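# Structural characterization, general
Listed below are the residues making up each chain.
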Amino acid sequence: MLNRLKETYEGKKIFLTGHTGFKGAWMLKTLQLLGAKVKGYALAPQNENDLYYLIHGDQICESIISDLRDREILKTAILDFQPDFIFHLAAQPLVRLSYEIPSETFEVNAIGTANLLDGVRLLEKKCSVVLITTDKVYHNNEWEYPYRENDRLGGYDPYSASKACTELVIDSYKKSFFNKTKLSIHKKGIAIGRAGNVIGGGDWSKDRLIPDIAKALSKSQEIIIRNPNSVRPWQHVLEPVIAYLVLGMNLDADPVKFGEAYNFGPYSADALPVKEMLSLAIKCWGTGSFRIEQVADQPHEAGLLKLDISKAISDLKWQPKLNAGTAVETTINWYKSFVYNKSDIDDITATQILDYLNA
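What comes next is a walk through the structure. The structure displayed is predicted, hence computed values, not measured ones.

The rules behind each value
- Residues numbered from 1 in each chain as written.
- Predicted model: local features only at pLDDT ≥ 70, side-chain atom pairs only at ≥ 80, totals over all residues.
- Heavy atoms only, no water.
- Core = buried A, V, L, I, M, F, W, Y, C linked by side-chain atoms within 4.5 Å.
- Buried < 20%, exposed > 50% of the residue type's maximum accessible area, 1.4 Å probe, protein only.
- Helix = DSSP H or I, 4+ residues; strand = E, 2+ residues; numbered from the N terminus.
- Contact = heavy atoms within 4.5 Å.
- Salt bridge = Lys/Arg side-chain N within 4 Å of Asp/Glu carboxyl O.
- Pairing = 2+ DSSP bridges.
- Axes fitted to C-alpha atoms, helices over the stretch in contact; angles between N-to-C directions.

Core analysis: the biggest nonpolar cluster contains 76 residues, and Phe87 and Phe264 have the highest contact counts within it. A total of ten residues in this core trace back to one element, the largest contributor, which is helix H11 (residues 238-253). The residues contacting Phe264, other than those within four sequence positions of it, are Gly193, Arg194, Ala195, Gln235, Ala243, Tyr244, Leu247, Leu307, Ile309, Ala312, Leu316 and Trp318. Core analysis: the next-biggest nonpolar cluster, separate from the first, contains 26 residues, Val120, Val129, Val169 and Ala261 among them.

Encoded structure:
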């Protein structure tokens, strides 16, 4: 896998939105190891322990700190760089926060993506564009059936609905400006990656399971969980990050065939309830305790959500490498290294990436 990706991305110009975020920083570090030239566009990191700082992000990419809603700045950043690839990860990604800032969530996720595609529309060169949404774009019926790419989109909470709106924006731009029948004119390949419930080192987001666990364990505090029976398709952050790069590689080779939406997630057996993931994390850390906090009138969050990844396996020849246990162990080991040997975390992150690519 490492050699194939290097053949595609080494020396290429990659415009990466959301590069200061959790998943974006893992993508940035991976692209550095692949020898790509990266220009990032995102808001500033939120605190000094963000992964972007730990991997010395400002030294390994050209960084533009700005908002997706600043259309002219975004457009200029794209056109000045003339990228070969665009990976759009920037978003307001938190379900519970979307209840507090619903309008802003729709603006950033849907209109922000339209602003990006406006910039792409003005590029007069070949460019492969991978747009990241979420597993939560599907109209969730809370059933065992894993959602396929052609299932109905929707969303209960503002975040999920904003991402479904984002996909409508993408579909409109694809048909109106990047139609596959006119590829020879516009030269753009447009694809969508859907993934969610990502875990891994360097995530400090509020109201997320693994960050809450890591913060509590590092301080020898009791872990508090809200929804112990909620089932999610847990996956290590390197699974979707590498999947996006594999999608970009295929899209670059055949923009017509691979210019579609793809689910990326674990195998069905790794869709586990929160309480089971918590037990795995405590076991890996070596100690810990928890309690369930019942909060009245808390915001609605989906209880059951699974993805069908057969299309990605069949079309892209991609498949998940890490089961839930290994994903948790790899994640908890990162946080333990951060607590006890923070100065080496850049090397530890790089090692985890290279181990994954060489596996």
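Right, let's get into the pattern of salt bridges. With the rule as written, the count across this model stands at 16 salt bridges. Glu62 serves as the salt-bridge partner of Lys39, at 3.8 Å between the closest nitrogen and oxygen. One end of the pair, Lys39, is in strand S2 (residues 37-42); the other, Glu62, is in strand S3 (residues 62-65), and 23 residues separate them in sequence. Overall, the relative accessible area of 41% leaves Glu62 in the partly exposed class. With its nearest N and O atoms 2.9 Å apart, the salt bridge here joins Asp84 to Lys125. Of this pair, Asp84 sits in the loop between helix H5 (71-81) and strand S4 (85-88) while Lys125 is found in the loop between helix H7 (102-121) and strand S5 (127-132), placing the two residues 41 residues apart along the sequence.

Before going further, it helps to spend a moment on the sheet that holds S3. One key point about sheets: their strands pair by backbone hydrogen bonds, in either a parallel or an antiparallel sense. On the basis of which strands lie adjacent, the open sheet formed by seven strands has the order S3-S2-S1-S4-S5-S6-S11 and parallel pairing. Looking at strand neighbours, the two that pair on one side only are S3 and strand S11 (261-263), the edges of this open sheet. Neighbour-to-neighbour, the strand axes of the sheet open up by a mean angle of 15°, direction not taken into account. In this fold helix H8 (residues 158-176) packs onto S5 and strand S6 (188-194), with an angle of close to 160° to the strand it touches most, S6. Relative to S5, H11 is tilted by about 145°, and along the sheet it contacts S4, S5, S6 and S11.

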